[in-house]
Amino acid sequence: MNLLLIVLLSTFSFCLCQDLEPIVLVHGGAGFTSDERDPEKFAGTKLAARIGYQTLMETGSVLDAVEQAVRSMELDSGFNCGYGAVLTLNWTVEMDASIMDGSDLSAGCVSGVQDILHPITLARMVRERTPHTFLSGVGLMEFARQQNVHILYPPGQMASERAKASLQAWLDSQASNPGNTETFGEPGTVGAVAMDAYGNLAAATSTGGITGKYPGRVGDTPLLGSGTYADNRYGAVSTTGHGESIMKVNLAKDIINRMAYLGEDVQTASMNSVEEMTRLLANTAGVIVLDPAGNPGIYTSSGKMSWAYQRNDTVHYGIRPEDHFTESAWN
């Protein structure tokens, strides 16, 4: 009798989970951009949300969904990832990425990626083809070669003309404003979070870092709990903004903890966590979050953060805190 009751309850719970509405939510980075760039940001994030959602509908995999959403932005020079990545002091591109599965907390993280167009896919390979969670540097590039990942040759093809111009402008500014990175380069670290009809969650983030960074610098993006986190029990998060500050407060996990242990709803937790970081460290950030029911949290202290999500046949998008536009997914 007890066994029968357990089976019935399990079946009932399974049916309830199937009532959840799948969603893919993406961001294109928090920080300063001119208003003239808004249409470019809208186009890139809406496309990524559509691609991620279509992938989720076709494969049923939230990992596939966030990976493909991020890959679409890694191909877009309007974002600070992949081909749009900013440059180091040595005029080179070094990228970071991470991806996490909320069903079992497995993850793949990479840093210092060079001459590879899709760091997010390399991060997923680390998750699925190694016994480790994080690879970097020489060992990472050797792993990429072993996996037959296409490495561009000759080196340096990832450096876009926009990124070169931004680094030169940053170098020219240092005499009058040393160390400033907030208004130079592309503040477009990208990320995605997704939930399927059964409550499975995933998160992914990809970035080129900050303009004029030291070679070898690692930001928050590949660090679980800072740039990326997913746990089916509590939620999924991807962050963007000032990496040195985000990693000091473990921003992604702080949001998860607020929902899990303080009972804050997803939007309140997102806002409180970001604003606390900004008060403590005087730097800005932005986040996208899903709770276990698929409710989205979207918040930035940076003034702007492009975002978009698709649920059913509707795409929602914006870039300023007051924005919330909608359109048919089939426009």
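Residues numbered from 1 in each chain as written. Predicted model: local features only at pLDDT ≥ 70, side-chain atom pairs only at ≥ 80, totals over all residues. Heavy atoms only, no water.

Q: Could you give an account of the sheet that holds strand β8 (residues 235-241), with specific residues and numbers?
A: Taken together, the 4 strands give an open sheet; going across it, the order is β7-β8-β9-β10, and neighbouring strands pair in antiparallel fashion. Edge positions in the open sheet fall to β7 (228-231) and β10 (296-300), since each of these has one partner strand only. Direction aside, neighbouring strands of the sheet carry axes that sit 10 degrees apart on average. Here 5 bridges tie strand β9 (residues 285-290) to β10, and the two strands are oriented antiparallel to one another. Following the sheet pairing, V287 is matched in β10 by Y299. (Pairing = 2+ DSSP bridges. Helix = DSSP H or I, 4+ residues; strand = E, 2+ residues; numbered from the N terminus. Axes fitted to C-alpha atoms, helices over the stretch in contact; angles between N-to-C directions.)

Q: Break down the sheet that holds strand β13 (residues 325-328) for me, citing the residues and quoting the values.
A: Ordered in space as β4-β3-β2-β6-β5-β1-β11-β12-β13, the 9 strands form an open sheet in which the pairing is mixed. Of all strands in the sheet, those with a lone pairing partner are β4 (134-136) and β13, marking the two edges. Neighbour to neighbour, the strand axes of the sheet diverge by 10 degrees on average, direction disregarded. With 5 bridges connecting them, strand β1 (residues 23-30) and strand β11 (residues 305-311) associate as antiparallel partners. Residue pairing for β11: V24 is matched across the bridge by Q310. Helix α4 (residues 119-129) contacts β2 (95-101), β3 (107-113), β4 and β6 (201-207) of the sheet and is inclined by roughly 130 degrees relative to β3. Helix-sheet contacts for helix α5 (residues 137-146) involve β3 and β4, and the interaxial angle to β4 is about 100 degrees. (Contact = heavy atoms within 4.5 Å.)

Q: How would you explain the nonpolar core if you had to name every residue and give the values?
A: V26, V110 and L122 are the most contacted members of the largest nonpolar core, which totals 52 residues. Among the elements that make up this core, the one with the highest residue count is helix α3 (residues 62-74) (7 residues). (Core = buried A, V, L, I, M, F, W, Y, C linked by side-chain atoms within 4.5 Å. Buried < 20%, exposed > 50% of the residue type's maximum accessible area, 1.4 Å probe, protein only.)

Q: Any chance you could break down the packing of aromatic side chains for me, citing the residues and the numbers?
A: Going through the model one piece at a time under the given rule, you end up with 5 aromatic pairs. Taken together, a centroid distance of 6.0 Å and an interplanar angle of 85 degrees make the contact between F42 and F325 edge-to-face. Of this pair, F42 sits in helix α2 (residues 38-59) while F325 sits in strand β13, and the two are 283 residues apart along the sequence. The exposure class of F325 is partly exposed, given its relative accessible area of 35%. A ring pair is formed by Y317 and F325, whose centres lie 5.4 Å apart and whose planes are at 45 degrees; its orientation type is tilted. Residue classification places Y317 among the buried positions, given a relative accessible area of 12%. Members of the aromatic cluster, connected to one another through ring pairs, are F42, Y317 and F325. (Phe/Tyr/Trp six-rings, centres within 6.5 Å; stacked < 30°, edge-to-face > 60°.)

Q: Before we move on, can you summarise the environment of G31 with the specific residues and values?
A: For G31, the position within the fold is in the loop between β1 and α2. The class for G31 is buried, based on a relative accessible area of 11%. Between the C-alpha atoms of G31 and T240, which are 209 residues apart in sequence, the distance is 8.7 Å.

Q: Kindly report on the side chain of D291, identifying the contributing residues and their values.
A: You can see D291 is positioned in the loop between β9 and β10. Buried charge without a partner: D291 forms no salt bridge, and the closest opposite charge is R311, 6.9 Å away. Side-chain polar atoms of D291 contact the backbone nitrogen of A293, separated by 2.9 Å. Residue contacts for D291: discarding those within four places in its chain leaves M195, L201, Y234, G235, M259 and V266. (Lys, Arg positive; Asp, Glu negative; His and termini not counted. Salt bridge = Lys/Arg side-chain N within 4 Å of Asp/Glu carboxyl O. Polar contact = N/O pair within 3.5 Å; in protein donor to acceptor, adjacent residues only side chain to side chain.)

Q: Provide a residue-level description of the pairing of β6, including the pertinent values.
A: Within β6, 7 of the 7 residues are buried, leaving the element largely enclosed by the surrounding structure. Burial along β6 is two-sided: the residues L201, A203, T205 and T207 and A202, A204 and S206 are all buried. Bridging between β2 and β6 involves 6 bridges; their strand directions are antiparallel. When the bridges of β6 are listed, D96 appears paired with T207. Sheet analysis places strand β5 (residues 190-195) next to β6, joined by 6 bridges and oriented antiparallel. Paired with V193 across the strands is A203, a residue of β6. In textbook terms, the turn of a hairpin is the stretch between consecutive antiparallel strands, and for β5 and β6 this stretch comprises 5 residues, one of which, G199, has a positive phi near 85 degrees.

Q: Account for the environment of P39, naming residues and giving values.
A: In this structure, P39 sits in helix α2. Separated by 87 residues in sequence, P39 and V126 place their C-alpha atoms 35 Å apart.

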